[in-house]
Structure formats: C-alpha cells, structure tokens
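Survey of secondary and tertiary structure
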Amino acid sequence: METRTYLKEIYFTEKETTVLSAGALKASLFVYSTGVSAVRLTNDKGNIVVLPYMGQMVWRAEFLGRELTMKSIYDEPMPAKDTYGETYGGFLMHCGLTAMGNPTAEDTHLPHGELPIARYHDVYILCGEDEKGKYIGISGTYSHKRCFEADYDFCPTVKLYEGKTLLDVTVRFENHKDLPLEYFYLCHINHRPVDGSRLSYTAPRKDIIVNHEVPKNYDPARAAATNAYLDRLDRDPGLMDEVGAPGQAYMPEIVFCCRYAADEDGRAYTMQVFPDGSSVYVCHRPEELPFGVRWIARTGDEDALGMVLPATGEHKGYLYCKAHGYERYLATGESVTYHLETGLQDAAATATMQEKISRLGF
C-alpha cells in the first residue's frame, strides 16, 4: 500500500514545515535563501534533501551524523538556468537523456544533457511499505517535448526506509513519440572522500580505462602533477584504491571507466571503506547500466569521490557514444526502469559486502 501527497510550489516557504509524518519517517518542505525549493526526508538514522523542481537531484545526504555529499563551493543550491555547473555540488544527479557526458567542440548538447536541472511538474511524496520495510520517498515527472524530435516522460524515485542508512533509487522513462527514442543515461553519485579509506569494487583493475583529459589551459604545475599520476595509473590503475595515498593528483579532475562483474543476483558493488571499518557504497546492475564511470576531483574548492557513476556509455559526449555504438532505443510506448542503491553501512554490513566482493574474485 502506498499513498501519494502531491505538492505545489506555493506550499514551500522559508520556514521548514512538516507535511507528512509516519512514525520515524517525516517529510518537510522549505526554501533555501537562494529561492530553490527543497524537500527533506527524514528517518531515525538521518535525512536527505531533494530539489523537487530542479532535476529532482539529491542535494544532501546525511546519516548517523556523517555528511556523505562531496564538498563544493555551493553551500546552498543556486537556481540554475542553463547548466548544472551553475550549482554543482549535490549528492546525486540524473544525466541524459537525449545526450550524456561532456560535449566535444563538435557536439551541440549541454554538459550531461537536459536532465540535471530539468524542470519537473508533477511532484509528490510517497509513503508506504514494501518487502524492504516502511519508507518515505519523493518522485515526480519531467516531460521532455521537442517537435519532430522527442517526447518522453522521465520519472525518478528516491526512497528512504525506516531504520536504514541507504537511498533506494529507481529511474523510469517512457517514449511517447511516434518514432524510437535514442537515449543515454548516467547516474552521477558524488560521495565525499576520506583519506585513509580504501576502495573495494567488483571491476577488474586491468580493464580500467584511464582517460588523459587534463585541460591544456590548466595551471601548469598542477597539470604536470596530474598527468604524471595518469601515466602511473596507465601501468597500475589499482594505485587509486587507497584514498589519499601519497602521489595521487586529482586536479582539476580525473575520469576512469570500469566494466563491472555482478553477483548471482545481478548486482555489482563499490565501497569506500573507512578506517573504522564502516563504509559508503553504491550497488547497481551492470545488465541495466554496463559502464561504471569513476570521477574524482580533489581541489581546494571541490572534494569528490564519484566511486562509480553507473551509465549506459562512457562520459565523452554524444558523438563519441554514437561512434562507439553506446546509444540505446525505446520504441513508441515502451519504457525502461533502472535500479540503484547507495548509502552508509556499519562495519558488520561492510564486512558482509566485502565477502561478496571477495567471492567474486576482487
């Protein structure tokens, strides 16, 4: 049984107001000082903040007093109008759908496509119970209509369960056009790195693609350090597995691409295991999203560990994806759903997941 509470922008005010409460689960609405509307979903372990009308991005995620989200120059979300770069620094962002990745000089699409700051209309809070337990969540619909080009609905859902420190994420989209929808998708999950941690994941190190993409106009000294580190990673990609190890250089950013192996249930795993034995993790299904893009940026302003950004292709823009056959298609009336999970694990749950990873040979 699930109930929906539909929202209107006039419900959001500067004073945070509870609109739904069910035991330890709560949903409250507020407006940031920048004018951006937000929904806070709370359980007995922590809370997440979602921007319901701007990309439905998860702006913040905090459990057991630990902030999971990357560090950035934005303390509050800005009302982005053109690209996500006007407000980049959230925990989870949807990317795509008619294009995805960083456009080349020959590409014509926005960075990561139209989804990151897409304007949603139907927005609602969910409350119910399923096989995983009692939950509170948020969802909505973005309708992308372009005459003679595309007509699709994109519907992401984020659920927060009672007693759990995780986010259950699904994305569903449907093609309404009388022509096939060509699409690309990437889920941009931005954890905060913790020095002394280690990365554990179900992807062969030998098959990791190390991209040499330091901008030519970047600070020469920093560029030289990053390029030297990339040369080392070409020989041994596993050097990145110790977070904060001497000699690492992630200015302004480094992007890798992995191909993941899955367990008997079709799930792949990525963890940042903290020194105390707890961890943050991402679980995705390679059958749905076969590419695991890794994005790391450690500058004075940004500190981000995108351990894995599950995707349908690499991050290099529309033309590159087309040239390599990464595009996918939905027939008229057809839909597709992708499933992800991310959050915080205690030491016991981390050890259990590590056993799974070790059984798979990693």
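Above this text you will find the structure in question.
The notes below deal with the structure included here. (Residues numbered from 1 in each chain as written. Predicted model: local features only at pLDDT ≥ 70, side-chain atom pairs only at ≥ 80, totals over all residues. Heavy atoms only, no water.)

**A short note on the pattern of salt bridges**
Two side chains of opposite charge can pair, provided their charged atoms sit close to one another. Here the structure, examined in full by the defined rule, presents 15 salt bridges. Residue Lys145 is joined to Asp151 by a salt bridge in which the shortest nitrogen-to-oxygen separation is 3.1 Å. Under the relative-accessibility criterion, Lys145 is labelled exposed at 51%. Here Asp151 falls in the buried class, since its relative accessible area comes to 17%. Across the pair Glu174 and Arg172 runs a salt bridge, and its minimum N-O distance is 3.5 Å. Classification of Arg172 as partly exposed rests on a relative accessible area of 36%. (Salt bridge = Lys/Arg side-chain N within 4 Å of Asp/Glu carboxyl O. Buried < 20%, exposed > 50% of the residue type's maximum accessible area, 1.4 Å probe, protein only.)

**Things to note about the packing of aromatic side chains**
Counted under the stated rule, the structure contains 17 aromatic pairs. Put simply, the rings of Phe154, Phe173, Tyr183, Tyr185 and Tyr338 pair up and form one aromatic cluster. Over the ring of Phe274 we find Arg66, and its NZ or CZ is 3.9 Å from the ring centre. Just above the ring of Tyr201 sits the side chain of Arg294; from NZ or CZ to the centre is 4.1 Å. (Phe/Tyr/Trp six-rings, centres within 6.5 Å; stacked < 30°, edge-to-face > 60°. Lys NZ or Arg CZ within 6 Å of the ring centre and 35° of its normal.)

**Side note on the nonpolar core**
Of all hydrophobic cores here, the largest spans 75 residues; its most connected members are Ile48, Leu97, Phe154, Tyr185 and Phe256. When residues no more than four places from it in sequence are discounted, the contact partners of Phe256 are Ile208, Ile209, Val210, Asn211, Leu233, Met240, Tyr250, Gly292, Val293, Arg294 and Ile296. (Core = buried A, V, L, I, M, F, W, Y, C linked by side-chain atoms within 4.5 Å. Contact = heavy atoms within 4.5 Å.)

**Here's the deal with the environment of Val123**
Here Val123 shows up in strand S9 (residues 122-130). In this structure the C-alpha to C-alpha distance between Val123 and Ser143, which are 20 residues apart in sequence, comes to 12 Å. Residues within four places of Val123 in sequence aside, it is in contact with Thr5, Tyr6, Leu7, Pro52, Tyr53, Gln56, Ile138, Ser139 and Gly140. (Helix = DSSP H or I, 4+ residues; strand = E, 2+ residues; numbered from the N terminus.)

**Looking at the pairing of strand S11 (residues 150-161)**
Most of S11 sits out of view: eleven of its twelve residues are buried. Two elements, strand S10 (residues 133-146) and S11, share ten bridges in a ladder whose sense is antiparallel. Residue pairing in the sheet places Ser139 in a bridge with Thr157 of S11. Between S10 and S11, which pair antiparallel one after the other, the connecting turn spans three residues, and Phe148 there sits at a positive phi close to 70 degrees. Of the pairings in the sheet, the one linking S11 to strand S12 (residues 166-175) comprises nine bridges and is antiparallel in character. Bridged to Lys159 within S12 is Asp168. (Pairing = 2+ DSSP bridges.)

**Description of the side chain of Ser279**
Within the fold, Ser279 resides in strand S18 (residues 279-284). Of the residues examined, Ser279 reaches a relative accessible area of 0% and is grouped as buried. In this structure the side chain of Ser279 is engaged in a polar contact, spanning 2.7 Å, whose partner is the side chain of Thr350. Excluding residues that lie within four positions of it along the chain, Ser279 makes contacts with Met271, Gln272, Val273, Phe274, Gly343, Leu344, Gln345 and Thr350. (Polar contact = N/O pair within 3.5 Å; in protein donor to acceptor, adjacent residues only side chain to side chain.)

**Considerations on the environment of Glu129**
Assignment of secondary structure puts Glu129 in strand S9. Take Glu129: its relative accessible area is 48%, and that puts it in the partly exposed class. Separated by 127 residues in sequence, Glu129 and Glu2 place their C-alpha atoms 6.8 Å apart. Beyond its immediate chain neighbours, meaning those up to four positions away, Glu129 contacts Met1, Lys134 and Tyr135.

**Observations concerning the sheet that holds strand S17 (residues 268-273)**
In space, the nine strands of this open sheet follow the order S1-S9-S10-S11-S12-S22-S18-S17-S14, with antiparallel pairing throughout. The outermost strands of the open sheet, each flanked by one partner alone, are strand S1 (2-6) and strand S14 (198-201). Direction aside, neighbouring strands of the sheet carry axes that sit 15 degrees apart on average. Relative to strand S22 (residues 335-345), S18 is paired through six bridges, and the arrangement is antiparallel. For Cys283, the partnering residue across the bridge sits in S22 and is Glu341. Contacts from helix H3 (residues 347-359) reach S14, S17, S18 and S22, with the element oriented near 135 degrees to S17. (Axes fitted to C-alpha atoms, helices over the stretch in contact; angles between N-to-C directions.)

**Description of unusual backbone geometry**
Omega for the peptide link from Gly96 to Leu97 comes to 5 degrees, which places this bond in the cis form. Along the polypeptide, Leu97 turns up in strand S8 (residues 92-97). The amide bond that connects Met251 to the next residue, Pro252, takes the cis arrangement and shows omega of -5 degrees. Relative to the assigned elements, Pro252 resides in the loop between helix H1 (220-235) and strand S16 (254-259). You will see that Gln56, though not glycine, has its phi angle at about 50 degrees, which is positive. Here Gln56 shows up in the loop between strand S5 (46-50) and strand S6 (58-63). One non-glycine residue, His112, lies in positive phi territory at about 60 degrees.

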